[in-house]
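Structural description and commentary
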Amino acid sequence: MSGKPIIGFLGLGHMGLPMAINLHRAGYRLKAFDVVPAALEAAAAAGIETVVTGTEAASDVDVVLTMFPTGQHVLDAYRDYLLGAAKTDTLFLECSTIDVAQAREAAQLAVAAGHRSADAPVSGGVVGAEAGTLTFMLGADEADLAQINPVLEIMGKRVVHCGGHGAGQAAKVCNNMLLGISMLGAAEAFVLGERLGLEHQALFDVISSASGQCWAVTTNCPVPGPVPSSPANREYQPGFAAALMAKDLGLASSALEQTQTDAQLGSLAAALYRKFSDEGNAGTDFSGVINAIRDGSL
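Attention in this report is confined to the structure presented alongside it. Keep in mind the model is a prediction, meaning the values are calculated, not measured. (Residues numbered from 1 in each chain as written. Predicted model: local features only at pLDDT ≥ 70, side-chain atom pairs only at ≥ 80, totals over all residues. Heavy atoms only, no water.)

1. Quick look at the packing of aromatic side chains
Across all of its chains, the model carries 4 aromatic pairs by this definition. Considering the side-chain rings of Tyr-78 and Phe-92, the 5.1 Å spacing of their centres and the 65 degrees angle between planes classify their relative orientation as edge-to-face. Here Phe-92 lies in strand 4 (residues 91-94) and Tyr-78 lies in helix 4 (residues 71-85), a separation of 14 residues in the sequence. Phe-92 matches Tyr-78 in its accessibility class, with the two residues each being buried. Ring geometry for Phe-240 and Phe-286: centres 5.7 Å apart, planes at 80 degrees, overall edge-to-face. Of this pair, Phe-240 sits in the loop between helix 10 (215-218) and helix 11 (242-258) while Phe-286 sits in the loop between helix 12 (264-281) and helix 13 (289-295), and the two are 46 residues apart along the sequence. We note that Phe-240, like Phe-286, is buried. Members of the aromatic cluster, connected to one another through ring pairs, are Phe-240, Tyr-273, Phe-276 and Phe-286. Taking the ring centre of Tyr-28 as reference, the NZ or CZ of Lys-4 above it sits at 5.8 Å. (Phe/Tyr/Trp six-rings, centres within 6.5 Å; stacked < 30°, edge-to-face > 60°. Helix = DSSP H or I, 4+ residues; strand = E, 2+ residues; numbered from the N terminus. Buried < 20%, exposed > 50% of the residue type's maximum accessible area, 1.4 Å probe, protein only. Lys NZ or Arg CZ within 6 Å of the ring centre and 35° of its normal.)

Okay, structure coming up:
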């Protein structure tokens, strides 16, 4: 293939839109689609070519990139219109966070239909999507890396090839299980610090340069002040919504059960985030869990 591939980009939400914008700015031609009219309007306002159906987005392109809420959305779209609309040997690049088994099923469907497939879930949140500094966890055949990596490297600072189909999702579910656990720990540490009379900045200065250092503190600090770009400084607007963390930890719980892995902290984190999300906080950044810890509602 000469020149940049044409990309059908489906899913222009909080993460998808800035990812699409970065590709557009890098000179890629996109055919973008979302079921939400406001998302299409935002993409068009950014100068991105939009189309009126998912079928059109998948037609006459080299890559079909999907950023959907759930694995069932992915499988339904593949079966109902995407695979049939795409020309033979299209690369299906699935960047949603979904169940490992569903990712492998999606890959099987794509290959059976005469296409190629890769799963490449992301980490880095909206800030990373906007800055083009995401990390992609890639599950793909070695032969496809030369086409995949240049596309992902526009949207992220690191692409880690984790193995074959489904390996990217496996890495993502492990990563986000740890992230959920660490954010709960960070929130508990700051609440304890408050009650012991510590200023937020003082505790941050210690943790960020000591053995408790973690992304949940240094980048997504759950209290306002120390990290100006963290959601805590904008009233916990996501960012990465609590509902999505609850979903991802649900995927982790399913994986724990399927593999008969006894992971008590992962299971507890899943239960706590499910409760936090269900109690009116679904649209709050997941770092907002500190408020539930602070008031004893969690």
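Further notes follow.
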